[in-house]
Amino acid sequence: MTATTSSQTAASGDIHDPTSAAYKKARRKYLKSTRNRPENVDADWTPFRAAEKKYKARFPPPDLSDVLDLAAADPARAEEVTRGKWKGRADAVPCDEIPLRGDGSDGQGRTAYVFPGTPGLVLLPSFVSHVDQRRLVRWALSEQAKHPNETNLDTHYILPPRGLWNQYLKVRKGECEDIEILPRATAQPPTRPDTPDAAQTEPPGPRQLVSNEPASPANYATLLSTPKPPAPPSPSVRPVSTTALVPRLRWANIGWYYHWGTKQYDFTRGPGEISRLVRELCKGIVRSIPWQRVFGEAQSTEGMDWGQSGPDWPDWNDSYEPDAGIVNFYQTKDTLMAHVDRSELSATSPLVSISLGCAAIFLIGGLTRDEPPTPILLRSGDVVIMSGPACRRAYHGVPRILEGTLPPHFEGSDGEEQEAKDWEIYEEYLRNTRVNVNVRQVFPKGFDPTAVVPEHGDRP
Ligand SMILES: O=C(O)CCC(=O)C(=O)O
Ligand SMILES: [Fe+2]
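Residues numbered from 1 in each chain as written. Chains lettered and ligands numbered in written order. Predicted model: local features only at pLDDT ≥ 70, side-chain atom pairs only at ≥ 80, totals over all residues. Heavy atoms only, no water.

Some words on the coordination of the iron ion (ligand 2)
At step 1: Around the iron ion (ligand 2), the protein contributes the donor atoms His339 (NE2), Asp341 (OD) and His396 (NE2), which lie 2.0 to 2.2 Å from the metal centre.
At step 2: Each donor residue of the iron ion (ligand 2) lies on one chain, and together they are spaced H-x1-D-x54-H. With respect to burial, His339 and Asp341 carry one shared label: buried. (Donors = N, O, S within 2.8 Å, 3.2 Å for Na, K, Ca; no water. Buried < 20%, exposed > 50% of the residue type's maximum accessible area, 1.4 Å probe, protein only.)

Points about the packing of aromatic side chains
At step 1: Applying the stated criterion across every chain yields a total of 24 aromatic pairs.
At step 2: With 4.9 Å between their ring centres and 35° between their planes, Trp251 and Trp260 make a pair best called tilted.
At step 3: If you follow Arg134 out to its NZ or CZ, it ends over the ring of Trp423, 4.3 Å from the centre.
At step 4: Here the basic side chain of Arg269 rests over the ring of Tyr257, its NZ or CZ set 4.1 Å away from the ring centre. (Phe/Tyr/Trp six-rings, centres within 6.5 Å; stacked < 30°, edge-to-face > 60°. Lys NZ or Arg CZ within 6 Å of the ring centre and 35° of its normal.)

A word on empty space enclosed by the protein
At step 1: A full pass over the atoms with the stated rule returns four cavities of 30 Å³ or more.
At step 2: Here the largest cavity defines a volume of roughly 150 Å³.
At step 3: The wall of the largest cavity is formed by 19 residues, among which Leu336, Phe362, His396, Asn436 and Asn438 lie closest to the centre.
At step 4: Going through the elements one at a time, strand S9 (324-331), strand S10 (336-339), strand S11 (351-357), strand S14 (383-386), strand S15 (396-402) and strand S16 (433-440) are the ones with two or more residues in the lining of the largest cavity.
At step 5: With four residues, S16 is the largest single contributor of residues to the lining of the largest cavity. (1 Å grid on protein atoms, 1.4 Å probe; cavity = no way out; pocket = protein on both sides within 12 Å on 5 of 7 lines; lining within 4 Å. Points joined across faces, edges and corners; volume = space filled by probe spheres on them. Helix = DSSP H or I, 4+ residues; strand = E, 2+ residues; numbered from the N terminus.)

Let's talk about the site of ligand 1
At step 1: Every one of the 15 residues lining ligand 1 counts as a neighbour, but Asn328, Tyr330, His396, Arg434 and Arg440 are closest to it.
At step 2: The contact in question runs from an oxygen atom of ligand 1 to an N or O atom on the side chain of His396, over 2.9 Å.
At step 3: The contact in question runs from an oxygen atom of ligand 1 to an N or O atom on the side chain of Arg440, over 2.9 Å.
At step 4: Bound to the protein, ligand 1 loses 100% of the 290 Å² it would expose on its own.
At step 5: Spatially, ligand 1 is embedded in the largest cavity.
At step 6: Listing elements by their share of the shell around ligand 1, those giving two or more residues are S9, S10, S15 and S16.
At step 7: Among the elements that take part in the shell around ligand 1, S16 stands out by supplying four residues, more than any other.
At step 8: Across the shell around ligand 1, the residue classes tally to five nonpolar, six polar and four charged. (Near = heavy atom within 4 Å. Polar contact = N/O pair within 3.5 Å; in protein donor to acceptor, adjacent residues only side chain to side chain. Areas by Shrake-Rupley, 256 points an atom, 1.4 Å probe, with all protein chains shown as cover. Sits in = over half its atoms within 2 Å of the grid points. Nonpolar A, V, L, I, M, F, W, Y, C, P; charged D, E, K, R; others polar.)

Quick notes on the sheet that holds strand S13 (residues 374-378)
At step 1: With respect to topology, four strands assemble into an open sheet ordered S10-S15-S12-S13, the strand pairing being antiparallel. The open sheet is flanked by S10 and S13, the only strands paired with a single partner. Averaged over neighbouring strand pairs, the angle between their axes works out to 20° when direction is ignored.
At step 2: Bridge analysis of S10 against S15 gives two bridges, and the strand direction is antiparallel. (Pairing = 2+ DSSP bridges. Axes fitted to C-alpha atoms, helices over the stretch in contact; angles between N-to-C directions.)

Re helix H3 (residues 47-56)
Note: α-helices contain 3.6 residues per turn, so residues at a spacing of three or four share the same orientation.
At step 1: The set of residues buried in H3 consists of Phe48, Ala51, Glu52 and Tyr55. Here the buried residues of H3 occupy an arc of 105° about the axis, which is enough to place them on one side.
At step 2: Buried residues along H3 sit in contact with S10, strand S12 (359-364), S13 and S15. (Arc of directions from axis to C-beta. Contact = heavy atoms within 4.5 Å.)

Looking at the UniProt feature "binding site: Fe cation" (unreviewed entry) in the protein chain
At step 1: Mapped onto this structure's residue numbering, the UniProt feature "binding site: Fe cation" (unreviewed entry) falls at His339, Asp341 and His396. A stretch of 58 residues holds the annotated residues, and the largest C-alpha distance among them is 9.0 Å, short enough that they meet in one place. The annotated residues that sit in the lining of the largest cavity are His339, Asp341 and His396.
At step 2: Here His339 is to be found in strand S10.
At step 3: Note that Asp341 resides in the loop between S10 and S11.
At step 4: By relative accessible area, which is 7% here, Asp341 ends up buried.
At step 5: Those residues in contact with Asp341 that sit more than four places away from it in its chain are Leu351, Arg392, Arg393, His396 and Arg440.
At step 6: Here His339 takes part through its side chain, which lies 3.5 Å from a polar atom of the side chain of Asp341. (UniProt positions renumbered as here; feature names shortened; annotations may be inferred.)

A word on the pairing of S14
At step 1: Covered by surrounding structure in S14 are Val383 and Ile385 together with Val384 and Met386, the residues of both alternating faces.
At step 2: Direction of pairing for strand S3 (residues 121-124) relative to S14: antiparallel, over a ladder of four bridges. Within S14, the position partnered with Val122 by the bridge is Ile385.
At step 3: By the bridge criterion, four bridges tie S11 to S14 in an arrangement that is antiparallel. Residue pairing for S14: Ser353 is matched across the bridge by Val384.

Given below as structure tokens:
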């Protein structure tokens, strides 16, 4: 255990302890910010918005007794749960345990949970082995968040060719200077803020999520012909050191490239790479689910619209093929507001979401914001699957990252890791970070994108 670990939950930093500096500071800020607040300000909130507000609250820290936390009942995770201070309840939400397929010889967690209130939602607590969790973190920072993949920082900065994180490792190891990373805008004429292009830039900061038409095989030709101009770099961005930029990394794409301005995939850029590690892990996860137990006769089919070709779940063991996604990097104050992922043509195929590092509150609701969401405490190694018509396009979000919750298995070097020498730099970053690997399938089985001609123009 390192020195930072034992001190992270000391009195000064524990928000739950009314005598701590952290508690008093949060209280002061709360009183200041609510001083002139009109009454009834929350009268019009949707149930989803109300839940977001509840878990976002800095003061008093939210009560998590109605948050599903399956680790709270798992003796193997006791240290992780007690050390982190934040704790929900294993019986907070109605859900049913189902056994996973396979013999369990891989030593991973072998049970999943399904939710009668949200058919198609599957939770696999502690599914990813500790070794794979560390591998995924290394992969996300060192391999995925760099060219030719795109990150949120690429629009505004000229990032080092070896990738921001690899540059940072060199700086931290004393192998090079903490060089300034230059803004992209200096190399180009300034953009007037009122031009249409500028309106399509994703501003620095939290991801902006606006409404878009759901993608489907029927509108694929339109998607192809929608212009997707590159987002212009912000003219107000200043040079910044590598060290200062690392905590501002928010996302990196996986596979097909996403165009934030139109909220559509830019298929003209070709299929981006999808790493073997992620592909095999996700395919293994989907194959391990007894889908019959999730969608079979026992479950209600009411309101389950699978579309013209009917339920596709019986084929998923063979037809599931991840080809896109995003790695999200959250610092402890970051949130992801309620949204629906509907840019993929397949509206039912499993979306596999892997949590790493610090824990978070995940809210998953229904097809509108009016359905009260289910709150789930996601910890490192947990996997969520969103699938089928009631869940794949359900509203969901992450209103809170839970500080001080990095589990013990990320601490210290693992003797078997070849590059164990630099692990402490990863560990330090993870103390304030949650990484989410969010993997999707864009094209439904049997859909041939090369056979479609754009509405106006040539094939990509
Ligand atoms: O971080 C998470 O658990 C969810 C991320 C997500 O919903 C997304 O990337 O669309
Ligand atoms: Fe999402």
